[in-house]
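# A structural walkthrough
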Amino acid sequence: MIATLYSTGQLNAPLGFAAALAIGFCFGLCLEKAGFGSSRRLAGVFYFTDMSVVKVMFSALITAALGLVAAQKLGIVAQDDLFLMPTILGAHAAGGALFGLGFAMGGWCPGTAAVGLGSGRMDALVFLTGVVLGSIGFNEAYPWVAPLAGYGSRGVVFLHQSLDITRDQLVLALTVGAVVMFWISEIIERGPAIGRPGVSRVFLAVFSILLCLAAVVALNLPRLNLAPGSGPALTASRAPAQPAPAAAPQGQAQNGQAASPEAQLLAAMASGKDHIEPEELARRLMAGEQGLTLVDIRSKAEFDAFHLKGAVNIPVQQLPEELASKRGHGIIVLYSNGMTHPAQARDALARLGFGNVYLLTDGLRGFFERVLKPASLRDGPVSAEQAKAITAARSFFLPAEIAAPSGAAAAGVLQAPAVLPALVEPAWLAANLGKPGLKVIDLRPQPQYNGGHIPGSFALNVESLRGNLAGLPSMLLPAPMLAQHFAQMGIGARDLVVIVTGEAPIDATLVAVALERLGHKRYAILQGGMKAWSAANLPKDTQLPTATATAIRPHAPEGPDGFTVTGREVQAAMAGGKTIILDVRPADYFAGTKSDEARPGHIPGAVNRPFTEDQAKSGEATVIKPREELEKAYAAIIPSKDQAVIVHCRTGHQASQTWWVLTRLLGYTNVKYYDAGWTEWSARPEWPAVTSPKPQAPSQAQGQQQGQQQGQEQQAPAQGQAQPQSQEKKP
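Residues numbered from 1 in each chain as written. Predicted model: local features only at pLDDT ≥ 70, side-chain atom pairs only at ≥ 80, totals over all residues. Heavy atoms only, no water.

Right, let's get into the overall build of the protein. Scanning the protein from terminus to terminus reveals 28 helices and 21 strands. Counting all 731 residues of the protein, 42% fall into the buried class. Here the contacts in the protein between residues at least 6 apart in sequence split such that 71% fall between residues at least 24 apart. Of the roughly 36,000 Å² that the protein leaves accessible, carbon and sulfur atoms contribute 61%. (Helix = DSSP H or I, 4+ residues; strand = E, 2+ residues; numbered from the N terminus. Buried < 20%, exposed > 50% of the residue type's maximum accessible area, 1.4 Å probe, protein only. Contact = heavy atoms within 4.5 Å. Areas by Shrake-Rupley, 256 points an atom, 1.4 Å probe, with all protein chains shown as cover.)

Glancing now at unusual backbone geometry. Omega for the peptide link from L420 to P421 comes to -5°, which places this bond in the cis form. Tracing the backbone through its elements, the reader meets P421 in the loop between α16 (384–397) and β8 (422–424). Positive phi, close to 55°, is recorded for S474, a residue that is not glycine. For S474, the location among the structural elements is in strand β12 (residues 472–476).

Summed over the entire model, instances satisfying the criterion amount to eight aromatic pairs. Seen in terms of ring centroids, F203 and F207 are 6.1 Å apart; in terms of plane orientation they differ by 15°. Their pairing is stacked. Of this pair, F203 and F207 both sit in helix α9 (residues 199–219), four residues apart, which is roughly one turn of that helix. For the pair F563 and W659, a centre-to-centre distance of 4.7 Å together with 35° between the ring planes defines the contact as tilted. One end of the pair, F563, is in the loop between α21 (529–535) and β15 (564–565); the other, W659, is in helix α25 (residues 653–665), with 96 residues separating them in the sequence. Judged by its relative accessible area of 8%, F563 is buried. Residue W659 is classed as buried on the basis of its relative accessible area, which comes to 2%. (Phe/Tyr/Trp six-rings, centres within 6.5 Å; stacked < 30°, edge-to-face > 60°.)

Before going further, it helps to examine the packing of helix α19 (residues 479–487) against helix α20 (residues 505–517). Closest axis-to-axis distance for the α19/α20 pair is 9 Å, and the angle between their directions is 110°. Here α20 runs roughly perpendicular to α19, going by the angle between their axes. In this structure, α19 meets α20 at a crossing whose hand is left-handed. Between α19 and α20, the residues in contact are A479, L482 and F486 and V511, A514, L515 and R517, respectively. The class makeup of the residues in the contact of α19 with α20 is six nonpolar, no polar and one charged. (Axes fitted to C-alpha atoms, helices over the stretch in contact; angles between N-to-C directions. Parallel < 35°, antiparallel > 145°, perpendicular 65-115°, else oblique. Left-handed = near helix turned anticlockwise from the far one by under 90°. Nonpolar A, V, L, I, M, F, W, Y, C, P; charged D, E, K, R; others polar.)

Direction vectors running N to C along α20 and α25 enclose 70°, while the axes themselves pass 8 Å from each other. The orientation of α20 relative to α25 falls into the category roughly perpendicular. Like other packed secondary-structure pairs, α20 and α25 cross with a definite hand, here left-handed. Between α20 and α25, the contacting residues are P505, I506, D507, T509, L510, A512, V513 and E516 on the first element and H653, Q654, S656, Q657, W659, W660 and R664 on the second. When the residues that make up the contact of α20 with α25 are grouped by side-chain class, the tally is seven nonpolar, five polar and three charged.

Looking now at the sheet that holds strand β20 (residues 645–648). Read from one edge of the open sheet, five strands run β15-β21-β20-β16-β17, paired in parallel fashion. Either end of the sheet is taken by a strand with one partner, and the two such strands are β15 and β17 (607–608). Two strands pair when backbone bridges link them, and β20 and strand β21 (residues 671–674) are joined in this way by three bridges, in the parallel orientation. Across the sheet, residue V647 finds its bridge partner in β21, namely Y673. (Pairing = 2+ DSSP bridges.)

To continue, consider the confidence of the model for the protein. Taken over all residues, the pLDDT of the protein has a mean of 81, while the share at 70 or more is 80%. Here residues 227–258 is a poorly scored stretch, pLDDT under 50, and it has 63 contacts once near neighbours within four places are set aside; other chains count. (pLDDT = per-residue confidence, 0-100.)

Before going further, it helps to examine the pattern of salt bridges. Inspection of the entire model under this criterion finds 28 salt bridges. With a shortest N-O distance of 2.9 Å, K300 and D304 are connected by a salt bridge. Taken together, the residues span about one helical turn, with K300 and D304 both in helix α12 (residues 300–305) at a distance of four residues. The exposure class of K300 is exposed, given its relative accessible area of 56%. Classification of D304 by relative accessible area gives partly exposed; the value is 47%. (Salt bridge = Lys/Arg side-chain N within 4 Å of Asp/Glu carboxyl O.)

Both faces of β20 are covered, namely the face carrying V645 and V647 and the face carrying I646 and H648. As defined by bridge partners, strand β16 (residues 580–583) adjoins β20 across four bridges and the pair is classed as parallel. Following the sheet pairing, D583 is matched in β20 by H648. On the question of chirality, the crossover connecting β20 to the parallel β21 by way of α25 is right-handed. (Right-handed = clockwise from strand over helix to strand, strands pointing away.)

Formed by 50 residues in total, the largest nonpolar core has its most connected members in F486, I499, V511, Y634, V647 and L662. With eight residues, the top contributor of residues to this core is α20. When residues no more than four places from it in sequence are discounted, the contact partners of Y634 are L582, R609, D614, T658, V661, L662, L666 and Y668. Counting 24 residues, the second largest nonpolar core, distinct from the first, contains L285, Y335, Y358 and A418. (Core = buried A, V, L, I, M, F, W, Y, C linked by side-chain atoms within 4.5 Å.)

Here we take up the sheet that holds strand β13 (residues 496–500). The strand order across the open sheet formed by five strands is β8-β14-β13-β9-β10, and the pairing between neighbours is parallel. Looking at which strands have only one partner, the edges of the open sheet turn out to be β8 and β10 (458–459). Pairing analysis gives three bridges linking β13 to strand β14 (residues 523–526), with the strands arranged parallel. By the bridge assignment for β14, V498 is matched with A524.

A few words on the side chain of D495. Position of D495 among the secondary structure elements: in the loop between α19 and β13. Assessed through its relative accessible area of 13%, D495 is described here as buried. A distance of 3.0 Å separates a polar atom in the side chain of D495 from a polar atom in the side chain of K439. Beyond its immediate chain neighbours, meaning those up to four positions away, D495 contacts G437, K439, G490, H520 and R522. (Polar contact = N/O pair within 3.5 Å; in protein donor to acceptor, adjacent residues only side chain to side chain.)

Right under this line is the structure:
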């Protein structure tokens, strides 16, 4: 079976360029021989004086169709190894109309214009110049036309499916249609002369018969299956060349029948054999197994902060090219923090013919929980043998200062949570307080801090992390400025930062977002803040800590942080209609009955879930609700963990909490943060806004839920919860 350039990711490789050059040369030569280096001849089709364009187009169409059918029947090419153009009805209709108009007016299409240029045609040069300028103009205008460019998108749709016929019937109809078009073209060109006996008419009749016979033969070839790269040898499936002992996919269906790649993929998923368990991966890595390629598909910043020993960092979009040499050799294991993106990447690679790719069960979080979590922090007792294995794994995968044995021998070593970022309890902080590598930041007002704070903690005014950027107030500062800020407190790249609040968890999450902008993921939020610490009668003092300025990031990134979006991006997302815009302000501000900005209301189509609904009271402390409760609440709003979501409030303060809950606590993978929020949107009259929620007809369950939420909102002040709008400090 042929491994196509597309399936092996070599379209942009030297082999792909060489093939393109050779094919382009032959294509141009054929067009020139056909007389398509002349715009006059090309334009003849629009005047019914020269039908060569129609005859060449149908010849190419039927040749490709019959050739592809024959190749697939013989097992030379698999459909999964071909790039299939998605159907976008609006774009194809508009683009086709423009193409036809340009062809009729200019006498050229892009391909023939290149041939004409090679023949020295000046009009071809002018036409191609226009093509280049038009392409540049389209790219520059794409942010505005993007919603229209995707209008009518249907994914990959086959014509025979739309016509409810088989593919063979469609190919046969195309063959007959081509024969008919050849005869019509000859009649148009020759007129009554076609009726007179002669060589041309005989040739056309013989050619038509041979074409139909070729179609019949191609459609009735025996179906064969060739293993990739095996030449003429026949096999029953496309099984991986190097099966994995624990995770080899089932490449062969029952009864000896060959299974398609999609069927193999589904079978592997159903049997759970498309992934590898953390313990198994750890064992293989620690044994130094040859032929195991471990790939970290997270961002480079995350990879630099920590990665499994032996892993390489490859962006998802570069996987086919970078792993081309590993295809069919050994096993490839993909991992990220969770499983969503590795699973999608694994499936895509499987469709490209990579039968030896697996994903790490539960991702990096699962690896920490099941392999690297200290024995003392496990839910149940562990045997001496298990404790020894845990210690060995921690020594192998973790830095020396973290991998020290747990228990009394490690009394002076910081025991970081298994997964970071995280919520930590006062007891954990008390147990690790004062250990090297731990930094505590207290976000309470200065007088409260001065009156007593967690020993060694640094005071920080959360508003010092925000400022006016290009006219937009209360914006989170750029990364270099934030890096300077944290560096003055002596916080380094390997330090674990614990954030302590007074009343509002949103203060902690805003600092968390600032750390995320720097790529610093080693932080945790103290659940319940200082009130929970005080309620536990844990020690406080009034001593000011000392620190030596360091660098949290040697080179703080200047560019975008990857999760903050601008107002124009929100506008494009709103027009596209595929992104959930989550407005987390209080309900009356969302509805427009209250306002302290340029305009009342909200972004059309936005969904309201006040940030206070993620909070609860625990004694005097305000805490983030349990994960299970939040999972259920957001599942009713956001259909999947990879759904595109943009969260915003008024100035980004409240929204930081929702962004953190969704991405770091619940594992949503495609959530963006609109920092400028309603302050910017309401001040731009050209951007739409509505002042009341669109009437809906909620289901009974939804109605009950909304009723409960309204009841909670009304009870919130009486329960002593923080007033929603007042938690977001004004600049």
